[in-house]
Amino acid sequence: MKILVINAGSSSLKYQLMDPESGEVFAKGLCERIGLDGRLNHKVESKGIKLVRDIPMPTHGEAISAVLEILVDPENGVVKTVDEIDAVGHRVLHGGMKFSASCVIDEACKQAIRDCIPLGPLHNPANLMGIEACEKIMPGKPQVAVFDTAFHMTMPPKAYRYAIPDEYYDNDQLRRYGFHGTSHRYIALRVQELYGRKDLKVVNAHLGNGSSLCAIWNGECQDTSMGLGPLAGVPMGTRAGDVDMTVVQYICNKYNKSVDEVLNIMNKKSGVLALSGGVSSDFRDLESGAKDGNAKCALALEKFCYEVRKYIGAYAAALGGLDVLTFTAGVGENGSTNRAAICQGLEFLGVKIDPEKNAQARGKEMKISADDSKVDVWVIPTNEELMIARDTRDLAF
Ligand code: AMP
């Protein structure tokens, strides 16, 4: 079976054609600069193909057409005809309170995604454009939507409610939703597979350019660090993470900026990029900056690790203990120095990592805790595309 996984952003579209059973990726790539000019980056690892082509992409429709054309291209493609693609799975950012699981895309599902646009104003319209482009170009092909928020819908009210007047929840559904749900779900399932049981207290640290933590009990989300939007929680590449709202008010008043302008700063110009004095949002650059004696880069890393450690402690308290701590995504899977710094100070919880194992774990699944650690600590590479492909298989057939 071959499932096309699509992750449509406002000006970009990522794709992977993959086998949902084995996880084999036949081809993958990225359409960039949609709406501007258009560029296709396409990779077929088995054939050693890596190409970049300038292709006009005024809309997501042309981007999807370009993807299908390259997938059936006799030289650079991996299928003979589009008929070989069994179904399409779409990553959708916000499912609001309507979706606690993935769903087959029909008119009702599309309307529900549309209804969630006020909650995900940047991403949901782009996700819909990707869906509608596929419908037009591949009519009748089964399509499934997989929501970034769905895994978190098991949170209890004490975790998801904001302590603000009731009307904003009742009328506007303003509450904690959380994101990276497909990644957290992948890790939750993988931990279940590794231990052969569900009744474990797990904290997953998804640490990448965007970062979130998730408290998991019995395979279900109990709490997560992102909120109504993906700006809350720990500091990220360019996002501030938790900031007292008074800061927003102060900047608006003193610098005569709108709330939207300040939130743009909080989303795009903050996080470790800001703390490093503008050096980089990339953790590798920060590490080399810190090694070269740049105190701001060192502070950015220290602050990031400190906040992640605080969330781990908070979630251990929320769960009433901790059995397994997992690290995933770009920094979590590769950043051994950051993992060590995060875990330093968590010994009181029973977290003890083995420095050698930690240094070896880079982009591969590995237990990195010491043999006498009370808490098992793992690096588990996430695979959101595989989750999307499997949901698509399960729901479309
Ligand atoms: P993601 O958003 O999951 O793709 O993660 C991207 C982030 O992972 C970037 O900030 C990278 O700097 C970071 N990353 C990748 N490799 C490493 C590494 N070896 N050490 C530290 N951070 C890394």
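Residues numbered from 1 in each chain as written. Predicted model: local features only at pLDDT ≥ 70, side-chain atom pairs only at ≥ 80, totals over all residues. Heavy atoms only, no water.

Here we look at the pattern of salt bridges
Close approach of charged atoms allows side chains with opposite charge to pair. Overall, the coordinates contain 24 salt bridges when judged by the stated rule. A salt bridge links E107 to K110, with the nearest nitrogen and oxygen atoms 3.2 Å apart. Taken together, the positions of E107 and K110, both in helix 2 (residues 107-115) and three residues apart, correspond to about one turn of that helix. We classify E107 as exposed; its relative accessible area is 54%. The exposure class of K110 is buried, given its relative accessible area of 5%. Among the ionic pairs, D376 bridges to K367, the shortest N-O distance being 3.5 Å. Through salt bridges with shared partners, one network takes in E21, R393 and D394. (Salt bridge = Lys/Arg side-chain N within 4 Å of Asp/Glu carboxyl O. Helix = DSSP H or I, 4+ residues; strand = E, 2+ residues; numbered from the N terminus. Buried < 20%, exposed > 50% of the residue type's maximum accessible area, 1.4 Å probe, protein only.)

Quick look at the site of the ligand
Near the ligand you find 13 residues, and of these N209, D282, F283, G330 and R362 are the closest. D282 has a polar side-chain atom sitting 2.4 Å from an oxygen atom of the ligand. Take R284: an N or O atom from its main chain is 3.5 Å from an oxygen atom of the ligand. Contact with the protein chains covers 74% of the free accessible surface of the ligand, which is 500 Å². Those elements giving two or more residues to the shell around the ligand turn out to be helix 10 (283-291) and helix 12 (329-334). (Near = heavy atom within 4 Å. Polar contact = N/O pair within 3.5 Å; in protein donor to acceptor, adjacent residues only side chain to side chain. Areas by Shrake-Rupley, 256 points an atom, 1.4 Å probe, with all protein chains shown as cover.)

Regarding the nonpolar core
In globular proteins that are soluble, nonpolar side chains generally tend to be buried together. Counting 35 residues, the largest nonpolar core has L213, I312 and L325 as its most contacted members. Only strand 9 (201-207), strand 10 (211-217), helix 10, helix 11 (295-319), strand 12 (324-328), helix 13 (336-343) and strand 14 (376-379) provide two or more residues apiece to this core. If we skip the residues at most four places from it in the chain, L213 touches H184, V203, N204, A205, D223, T224, S225, V234, V308, Y311, I312 and Y315. A8, A27, V44 and M57 belong to the second largest nonpolar core, which has 28 residues in total. (Core = buried A, V, L, I, M, F, W, Y, C linked by side-chain atoms within 4.5 Å. Contact = heavy atoms within 4.5 Å.)

Thoughts on the side chain of N124
One can find N124 in helix 3 (residues 124-137). Residues within four places of N124 in sequence aside, it is in contact with V92, L93, H94, I113, C116 and I117.

Re the sheet that holds strand 1 (residues 3-8)
Here eight strands make up an open sheet; going across it, the order is 5-4-3-2-1-6-8-7 and the pairing mixed. Strands with a single pairing partner mark the edges of an open sheet, and in this sheet they are strand 5 (49-54) and strand 7 (103-104). Contacts from helix 2 reach strand 6 (87-92), strand 7 and strand 8 (143-147) within the one sheet, and its direction differs from that of strand 8 by about 30°. Where helix 15 (residues 384-396) meets the sheet, its contacts fall on strand 1, strand 2 (13-18), strand 6, strand 7 and strand 8, and the angle it forms with strand 6 comes to roughly 125°. (Pairing = 2+ DSSP bridges. Axes fitted to C-alpha atoms, helices over the stretch in contact; angles between N-to-C directions.)

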